[in-house]
Amino acid sequence: MEALRLIGATRHALAGASGVRDIVTEAWQVQALAQAMGSHLAATGPAEIRAEACGLSEAGSRACGSLRQSVLRDGGVRATQLSEMRDPRRALLGLGGLLGDVGIALVTVASASDEDGVYWQCMEAIDAADESSDRVLGLLRRFAVRERGPDDAWARRACGG
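Residues numbered from 1 in each chain as written. Predicted model: local features only at pLDDT ≥ 70, side-chain atom pairs only at ≥ 80, totals over all residues. Heavy atoms only, no water.

*Asks:* Tell me about the confidence of the model for the chain, and name the residues and values.
*Replies:* In this model, the chain carries an average pLDDT of 86, and 85% of its residues clear a pLDDT of 70 or more. Here helix 6 (residues 150-158) stands out as the least confident element of the chain, with mean pLDDT 52; helix 1 (residues 3-16) is the most confident, with 96. (pLDDT = per-residue confidence, 0-100. Helix = DSSP H or I, 4+ residues; strand = E, 2+ residues; numbered from the N terminus.)

Dropping the structure here:
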């Protein structure tokens, strides 16, 4: 399945999540998608973004482990359906927005929770989403430099831009 389509499906599922378990499950799904997209870009993307893409994959992987979500919805891990990224830049922008949405949903859950375990699980997941967001921004910067070309990037740095 194409990345933007998976992002849309995940965004829809997050919007429909109604309880703590559903929201944490969707946070896990988003991190699995970050891992899959990072792996895909590391394998198929331009050479100059591969290291950063590996970082996104690793961040998503660590987040999946930290969420310790054992029960997934009947559909399984959506990210395993990722087969292509037609527009990597647009897909990364979508993933970045989705990570922000997950962070907001997790803050809401953590704020409303009376259970320490749920609160700390949400805090770990928020940190993980933030780390993945940082990796997405790094990839977007790499794509921007690539699109401008190395001479233009050097000139901007030299001129303080």
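*Asks:* I'd love a proper account of the nonpolar core, names of residues and values included.
*Replies:* Ranked by internal contacts, the top residues of the largest apolar core, which has 42 residues, are Met37, Leu41, Leu92, Leu95 and Leu106. Counting residues per element, the ones that place at least two in this core are helix 1, helix 2 (20-44), helix 3 (50-67), helix 4 (88-112) and helix 5 (116-148). Considering each element in turn, this core owes the most residues, twelve residues, to helix 2. Other than its neighbours up to four places away in sequence, leucine 106 contacts Ile23, Val24, Ala27, Cys122, Ala125 and Ile126. (Core = buried A, V, L, I, M, F, W, Y, C linked by side-chain atoms within 4.5 Å. Buried < 20%, exposed > 50% of the residue type's maximum accessible area, 1.4 Å probe, protein only. Contact = heavy atoms within 4.5 Å.)

*Asks:* I'd like to hear about helix 1, residue by residue, with values.
*Replies:* With 14 residues, helix 1 ought to run about 20 Å at 1.5 Å a step, and its terminal C-alpha atoms sit 20 Å apart, in line with that. Listed as buried for helix 1 are Ala3, Leu6, Ile7, Thr10, Ala13 and Leu14. Seen from one end, helix 1 has its buried residues packed into an arc of 125°, which puts them on one side. Residues of helix 1 that are exposed and point more than 90 degrees away from the buried face comprise Arg5, His12, Ala15 and Gly16. Elements that come into contact with the buried residues of helix 1 comprise helix 2 and helix 4. The backbone nitrogen of leucine 4 lies 2.7 Å from a side-chain oxygen of the residue at the head of helix 1, namely glutamate 2. (Expected span 1.5 Å × (residues − 1). Arc of directions from axis to C-beta. Polar contact = N/O pair within 3.5 Å; in protein donor to acceptor, adjacent residues only side chain to side chain.)

*Asks:* Quick one: what's the story with the side chain of serine 57, residue by residue and with numbers?
*Replies:* Its place among the elements puts serine 57 in helix 3. Every residue in contact with serine 57, bar those within four places of it in the chain, is listed here: Ala34, Gln35, Gly38 and Ser39.

*Asks:* Before we move on, can you summarise the packing of helix 4 against helix 5 with the specific residues and values?
*Replies:* Helix packing geometry: the angle between the two helix axes and the distance between the axes. Two numbers describe how helix 4 lies on helix 5: the axes approach to 9 Å, and their chain directions differ by 160°. Between helix 4 and helix 5, the angle is such that the two are roughly antiparallel. Of the two elements, helix 4 crosses helix 5, and the hand of that crossing is left-handed. In terms of residue class, the contact of helix 4 with helix 5 is made up of 20 nonpolar, four polar and two charged. (Axes fitted to C-alpha atoms, helices over the stretch in contact; angles between N-to-C directions. Parallel < 35°, antiparallel > 145°, perpendicular 65-115°, else oblique. Left-handed = near helix turned anticlockwise from the far one by under 90°. Nonpolar A, V, L, I, M, F, W, Y, C, P; charged D, E, K, R; others polar.)

*Asks:* Any chance you could break down the packing of aromatic side chains for me, citing the residues and the numbers?
*Replies:* Per the counting criterion, the structure on display carries one aromatic pair. Between tyrosine 119 and tryptophan 120, the ring centres sit 4.9 Å apart and the planes meet at 85°, which makes this aromatic pair edge-to-face. A residue is classified by how much of its surface remains accessible, and tryptophan 120, at 51% relative accessible area, is exposed. (Phe/Tyr/Trp six-rings, centres within 6.5 Å; stacked < 30°, edge-to-face > 60°.)

*Asks:* Now, about the packing of helix 2 against helix 4: what can you tell me, with residues and values included?
*Replies:* Close contact between helix 2 and helix 4 brings their axes to 10 Å; oriented N to C, the two are set at 155°. In this view, helix 2 runs roughly antiparallel relative to helix 4, as classed from their interaxial angle. Handedness of the crossing formed by helix 2 with helix 4: left-handed. Together, Val20, Ile23, Val24, Ala27, Val30, Gln31, Leu33, Ala34, Met37 and Leu41 of helix 2 and Pro88, Ala91, Leu92, Leu95, Leu98, Leu99, Val102, Ala105, Leu106 and Val109 of helix 4 make up the contact between the two elements. Here the residues of the contact of helix 2 with helix 4 are counted per class, giving 19 nonpolar, one polar and no charged.

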